[in-house]
Amino acid sequence: FMRESAHKRSWTDATIEKFNALKEHIKKYKENPTFDDFNDSGLTAFVISLRSEKKKLKNGEEWSMKDSTVHKQLGYLKWFLKWATEKGFNSNTAYKTFHPTLKTTQKKIIFLTKDEMKRILNLELKGDKAYLEIVRDIFIFCCFSSLRYSDASALKWNDIKDDHIEVTTIKTADSIQIEINDMMRTIIEKYRAIPDKRNNLVFPFYTNQAMNRDLKKLCKMAEINEEI
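Keep in mind that this is a model prediction, so the values were computed, not measured.

Criteria and thresholds
- Residues numbered from 1 in each chain as written.
- Predicted model: local features only at pLDDT ≥ 70, side-chain atom pairs only at ≥ 80, totals over all residues.
- Heavy atoms only, no water.
- Helix = DSSP H or I, 4+ residues; strand = E, 2+ residues; numbered from the N terminus.
- Buried < 20%, exposed > 50% of the residue type's maximum accessible area, 1.4 Å probe, protein only.
- Contact = heavy atoms within 4.5 Å.
- Areas by Shrake-Rupley, 256 points an atom, 1.4 Å probe, with all protein chains shown as cover.
- Phe/Tyr/Trp six-rings, centres within 6.5 Å; stacked < 30°, edge-to-face > 60°.
- Core = buried A, V, L, I, M, F, W, Y, C linked by side-chain atoms within 4.5 Å.
- Axes fitted to C-alpha atoms, helices over the stretch in contact; angles between N-to-C directions.
- Left-handed = near helix turned anticlockwise from the far one by under 90°.
- Nonpolar A, V, L, I, M, F, W, Y, C, P; charged D, E, K, R; others polar.
- Parallel < 35°, antiparallel > 145°, perpendicular 65-115°, else oblique.
- Pairing = 2+ DSSP bridges.
- Polar contact = N/O pair within 3.5 Å; in protein donor to acceptor, adjacent residues only side chain to side chain.
- Arc of directions from axis to C-beta.

**Q** Any chance you could explain the overall build of the protein chain here in plain terms?
**A** Broken down by element type, the protein chain carries nine helices and four strands. Tracing the protein chain from N to C terminus, the helices and strands come up as α-α-α-β-β-α-α-α-α-β-β-α-α. Burial status across the protein chain gives 37% buried among its 228 residues. At a minimum sequence separation of 6, the contacts of the protein chain that also span at least 24 residues come to 57%. On the protein chain, roughly 14,800 Å² of surface is accessible, and the fraction owed to carbon and sulfur atoms is 50%.

Following this line, the structure appears as structure tokens:
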């Protein structure tokens, strides 16, 4: 599953790490599990196993998995089980109707105002700040396309059609079409004119860590709260 999906979906290292972690969680639940072990009662036992995992932190405190993290791990497991079912390896479909009640806290939604967006767009990036133009372009493209950074950074030229883009999202493996608006088209044409087409990617390679670091610099220059 990991070998095929990582290749077809252009998984990031972070996604591969998440499924390696899931594999370890499954081993702690049961050493040699079969698909039959993930019926309704088995999935419940898996959730209980995740909740019962404990770790000792360096400061001596004990760490236990939050329900929000349990929910994510269950989602990754369902992703795998769905793949196995489609491949004909699994006939146990209990995962489709398994929806345990997990308490999750509401995440604070942080967004840019129109004024803040204009400030970023109007920044003069010259001299030693010119390198930030790539980061700005990718960030603006994400804003106007609603793509996650992981999906925008993996976007290839053959994903670009006349009036839309076709992508399979890395995080959820959903196949979607997104209409190309004026801002997206401007950015696409800008990078189409750049001769470096290594790996057929639309945008120059930027690690997620470097992207976040340089976005903070942009926000500071535009006088925007850095938590954006």
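**Q** For this particular structure, what's the right way to read the packing of aromatic side chains?
**A** The description of two aromatic rings rests on the distance between their centres and on the angle between their planes. In this structure the tally under the stated criterion is 17 aromatic pairs. Summarising the aromatic geometry, the rings of phenylalanine 19 and tyrosine 76 are spaced 5.4 Å apart at their centres and angled 50 degrees between planes, so their arrangement reads as tilted. Residue phenylalanine 19 is located in helix 2 (residues 13-29), and its partner tyrosine 76 is located in helix 4 (residues 67-86); the two are separated by 57 residues in the primary sequence. This pair shows no difference in class: phenylalanine 19 is buried, exactly as tyrosine 76 is. Here phenylalanine 35 and phenylalanine 80 contribute two aromatic rings whose centre-to-centre distance is 5.9 Å and whose plane-to-plane angle is 25 degrees, an arrangement assigned as stacked. On the criterion of sequence distance, the pair formed by phenylalanine 35 in the loop between helix 2 and helix 3 (40-52) and phenylalanine 80 in helix 4 is long-range, its members being 45 residues apart. Three or more aromatic residues link up through ring pairs in this structure, and these residues are Phe1, Trp11, Phe19, Phe35, Tyr76, Trp79, Phe80, Trp83 and Phe89.

**Q** It is not clear to me how the nonpolar core should be interpreted in this structure. Could you clarify?
**A** When a protein is soluble and globular, its nonpolar side chains tend to lie buried together. Ranked by internal contacts, the top residues of the largest apolar core, which has 36 residues, are Phe141, Ile160, Ile165 and Met211. Every element with two or more residues in this core is listed here: helix 5 (114-121), helix 6 (132-145), helix 7 (149-153), strand 3 (164-168), helix 8 (182-192) and helix 9 (208-221). Take this core: its biggest share by element is seven residues, from helix 6. In contact with isoleucine 165, not counting residues within four places along its chain, are Phe141, Leu147, Leu155, Asp159, Ile160, Ile176, Gln177, Ile178, Ile180 and Met184.

**Q** Help me understand the packing of helix 6 against helix 8, please; the structure alone is not making it clear to me.
**A** What describes two packed helices is the angle between their axes and the distance between those same axes. Where helix 6 contacts helix 8, the two axes come as close as 9 Å, and the packing angle between them is 145 degrees. Of the two elements, helix 6 crosses helix 8, and the hand of that crossing is left-handed. Of helix 8, the residues touching helix 6 (which contributes Glu133, Ile134, Asp137, Ile140, Phe141, Phe144 and Ser145) are Met183, Met184, Ile187, Ile188, Lys190 and Tyr191. The residue makeup of the contact of helix 6 with helix 8, split by class, is nine nonpolar, one polar and three charged.

**Q** Would you mind going over the environment of threonine 93 with me for this structure?
**A** Its place among the elements puts threonine 93 in the loop between helix 4 and helix 5. With eleven residues separating them along the chain, threonine 93 and lysine 82 place their C-alpha atoms 8.3 Å apart.

**Q** Would you explain the packing of helix 5 against helix 6 in this entry?
**A** Two elements in contact, helix 5 and helix 6, have axes separated by 11 Å at closest approach and are oriented at 150 degrees. By the angle between their directions, the pair helix 5 and helix 6 is classed as roughly antiparallel. Two packed elements cross with a definite hand, and for helix 5 against helix 6 that hand is left-handed. For the pair helix 5 and helix 6, contact is made by Met117, Ile120 and Leu121 and by Arg136, Phe139, Ile140, Cys143 and Phe144, respectively. For the contact of helix 5 with helix 6, the class distribution of residues is seven nonpolar, no polar and one charged.

**Q** Explanation requested: the pairing of strand 4 (residues 175-179) in the structure shown.
**A** Residues in a regular strand project their side chains so that they alternate between the two faces of the sheet. Where strand 3 lies against strand 4, five bridges are found, and the strand directions are antiparallel. Counted as the bridge partner of isoleucine 165 is isoleucine 178 from strand 4. Count of turn residues in the strand 3/strand 4 antiparallel hairpin: six residues, of which alanine 173 carries a positive phi of about 60 degrees.

**Q** Hey, could you run me through the side chain of aspartate 137 in this one?
**A** With respect to the helices and strands, the residue aspartate 137 is situated in helix 6. Only 2.7 Å separates the side chain of aspartate 137 from the side chain of lysine 190, close enough to count as a polar contact. Side-chain polar atoms of aspartate 137 contact the side chain of tyrosine 191, separated by 2.6 Å. Apart from residues no more than four positions distant in its own chain, aspartate 137 is found in contact with Ile187, Lys190 and Tyr191.

**Q** How should helix 5 be read in this particular structure?
**A** Because an α-helix completes one turn every 3.6 residues, residues spaced three or four positions apart along the sequence face the same direction. Residues of helix 5 that are buried: Glu116, Met117 and Ile120. All buried residues of helix 5 fall inside an arc of 100 degrees around its axis, so they share one side. The outward face of helix 5, more than 90 degrees from its buried face, is lined by the exposed residues Lys114 and Lys118. Contacts from the buried residues of helix 5 go to helix 6.

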